[in-house]
Amino acid sequence: MASIAHAAEKKAFEVALNRVMKKSKNAREEGFVGVVNAMEKLLGNTWPPEAFDRLRTALGKDGKWTDFFCRLLDTRDTEFLKGIFLSFGYEGALSGYRQSQKTGEKLGVPIPWVILFDPTSACNMHCTGCWAAEYEHTLNLSYEDMDSIITQGKELGIHEYAMTGGEPLIRRDDIIRLAEKHSDCGFMIFTNGTLVDEQFCEDIRRCRNIILIMSIEGFEETTDARRGAGAFRKVTDAMDLMNRSGLVYGTSICYTKENIEAVTSDEFLDFLISKGVQFSWYFHYMPVGQDADVSLMPTPEQREYIFRRIREIRGYEGGKPIWLMDFQNDGDKVHGCIAGGRCYCHINSNGDVEPCVFIHYSDANIHSKTLLECLQQPLFRVYRREQPFSENLLRPCPMLENPDYLRKMIAETGARSTDLMSPESAEHLCGKCDAYAEAWEPVAGKLWKEEHRPASEK
């Protein structure tokens, strides 16, 4: 009965989607709002009412974001785009999310919306500031391992998966196999972009449930300085291939003390848009690993700058027609830290299930426990008990902004370091964050008051 209801609901979503995609621009505005209304009915109180109100505000008038989605419909491959909306939108964000929340309530353990896993520790590059660059390049999740993760995840309601590494496209044939088998899931791949070719673009277009996110650190000089000579040209060539193929893709940008202004400049954003990039993830540099360069961490003044700048860029008016997300500075949008299984978790290429891609500690492995048992591990239970780690959600992380919490959780649970080369104690890791956390706290306090003061005072 549930499968029949799911099929009917999915068909209704597809019909509404087809209607929007076929309409003229003016009629599309009405269609966009209609889809938002349908989403609200579907999700009920799973998402807060203000989330739907913001979507209706953004899409219910002739403005930047209406133009953004119209351009998406007009320039991307139609069948591929429909597949992306169905896999990521309906299966992942709507139906799957609702199912995972119900499952979590029934089992008494939060079920993540997304699982991030590493197909391999191998990489064809050696980037400055990347902990994976120090790993042994011999560990892999087998195809059977990855298939099992997804199969178990779907039973819990998880229909969105992300991959990193290492360089996941070293396993591109297995990724395509997974996408073909699990056509009711969306797969987001973080890649250096150097292994993208025409055949892979054709495979992605055929599967209709894969989105690539390509790493870039700025223009050629900056990107090549971190990723090696020729890296910028290779990733921009990959963008050109994907643009010609009508695919949806984004970029992943690690901002540091050295590049923070450059990667948020009008010039750079205009360049990304010209290359067909629709969205970008911004990640704060994390001092993970024994040899991490603490000098690359942004200053409090720089972090305040990027906090304000990204909000300016993606505003309803002005800014740029590209959707930006800041993993660290958008904590107030997602009620703080999303890791520890609350919204997502990470599985490394050794099978260790970690709370976060940046926090390499665990006491559970998929080779000896089920996925559900891994989500129930003591570290995850303590992690979720302590969330949020600060009342100021602009200080979301138990490592970067609240290092005493990570020290406490590791000590309480006895979770071990999962670093694949040089195990790092929580004390060593958190010691690199103490001064930063202290310096950021008053700035975060000022920003929090500005963002969340009563409407009458704004």
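Residues numbered from 1 in each chain as written. Predicted model: local features only at pLDDT ≥ 70, side-chain atom pairs only at ≥ 80, totals over all residues. Heavy atoms only, no water.

Right, let's get into the domain arrangement of the protein chain. Domain parsing of the protein chain yields domain 1 (4-75) and domain 2 (94-333). Each of domain 1 and domain 2 was reduced to a C-alpha centroid, and the two centroids are 25 Å apart. Contacts between domain 1 and domain 2 engage 18 residues on the former and 19 residues on the latter. In total, about 1,600 Å² of surface goes out of reach between domain 1 and domain 2, with carbon and sulfur atoms giving 64% of it. Counting every contact that joins domain 1 to domain 2 gives one salt bridge. For Arg98, the salt bridge identified is with Glu9, shortest N-O distance 2.7 Å. Counting residues per element, the ones that place at least two in the side of domain 1 that touches domain 2 are α1 (2-22), α2 (25-43), α3 (49-59) and α4 (64-75). Per-element accounting of the side of domain 1 that touches domain 2 gives the leading share, six residues, to α4. The class makeup of the residues in the side of domain 1 that touches domain 2 is nine nonpolar, four polar and five charged. (Domains from an automatic or database assignment. Contact = heavy atoms within 4.5 Å. Buried area = accessible area lost by both parts, 1.4 Å probe. Salt bridge = Lys/Arg side-chain N within 4 Å of Asp/Glu carboxyl O. Helix = DSSP H or I, 4+ residues; strand = E, 2+ residues; numbered from the N terminus. Nonpolar A, V, L, I, M, F, W, Y, C, P; charged D, E, K, R; others polar.)

In this section: the packing of helix α6 (residues 143-156) against helix α7 (residues 172-181). The packing of two helices is summarised by the inter-axis angle and the distance between the axes. Packing of α6 against α7 leaves a shortest axis separation of 10 Å and a crossing angle of 30 degrees. Judged on the interaxial angle alone, α7 and α6 are roughly parallel. Relative to α7, α6 is oriented so that their crossing is right-handed. On the side of α6, the interface is formed by Tyr143, Met146, Asp147 and Ile150, while α7 contributes Asp174, Arg177, Leu178 and Lys181. In terms of residue class, the contact of α6 with α7 is built from four nonpolar, no polar and four charged. (Axes fitted to C-alpha atoms, helices over the stretch in contact; angles between N-to-C directions. Parallel < 35°, antiparallel > 145°, perpendicular 65-115°, else oblique. Left-handed = near helix turned anticlockwise from the far one by under 90°.)

Attention now moves to the nonpolar core. Generally speaking, soluble globular proteins have nonpolar side chains that are buried together. Ranked by internal contacts, the top residues of the largest apolar core, which has 132 residues, are Phe117 and Ile210. At seven residues, helix α5 (residues 78-107) tops the list of elements feeding residues into this core. Each of domain 1 (4-75) and domain 2 (94-333) gives at least three residues to this core. Apart from the residues lying within four places of it in its own chain, the contact partners of Phe117 are Leu141, Met146, Ile149, Ile150, Tyr161, Ala162, Met163, Thr164, His346 and Ile347. (Core = buried A, V, L, I, M, F, W, Y, C linked by side-chain atoms within 4.5 Å. Buried < 20%, exposed > 50% of the residue type's maximum accessible area, 1.4 Å probe, protein only.)

Attention shifts here to the pairing of strand β8 (residues 344-347). Burial of β8 is two-sided: the residues Tyr344 and His346 facing one way and the residues Cys345 and Ile347 facing the other way are all buried. Pairing between strand β1 (residues 114-117) and β8: four bridges, direction parallel. Within β8, the residue paired with Phe117 across the bridge is Ile347. Once β8 ends, the chain turns through five residues before running back antiparallel as strand β9 (residues 353-354), passing Gly351 with a positive phi of about 95 degrees. (Pairing = 2+ DSSP bridges.)

This part covers the pattern of salt bridges. Overall, the coordinates contain 37 salt bridges when judged by the stated rule. The shortest N-O distance in the salt bridge between Asp53 and Arg56 comes to 2.9 Å. With Asp53 and Arg56 both in helix α3 and three residues apart, the pair spans about one turn of that helix. Members of the salt-bridge network, linked through shared partners, are Arg311, Arg314, Asp330, Asp332, Lys333 and Glu451.

Moving on, we get to helix α11 (residues 266-274). Those residues of α11 lying buried are Phe268, Leu269, Phe271 and Leu272. Each buried residue of α11 sits inside an arc of 155 degrees when the element is viewed along its axis, so together they form one side. Exposed residues pointing more than 90 degrees away from the buried face of α11 are listed as Glu267 and Ser274. On its buried side, α11 packs onto α10 (231-244), β5 (249-255), β6 (279-284), α12 (300-313) and β7 (323-326). Positioned one or two residues after α11, Gly276 has a phi angle of 85 degrees, which is positive. (Arc of directions from axis to C-beta.)

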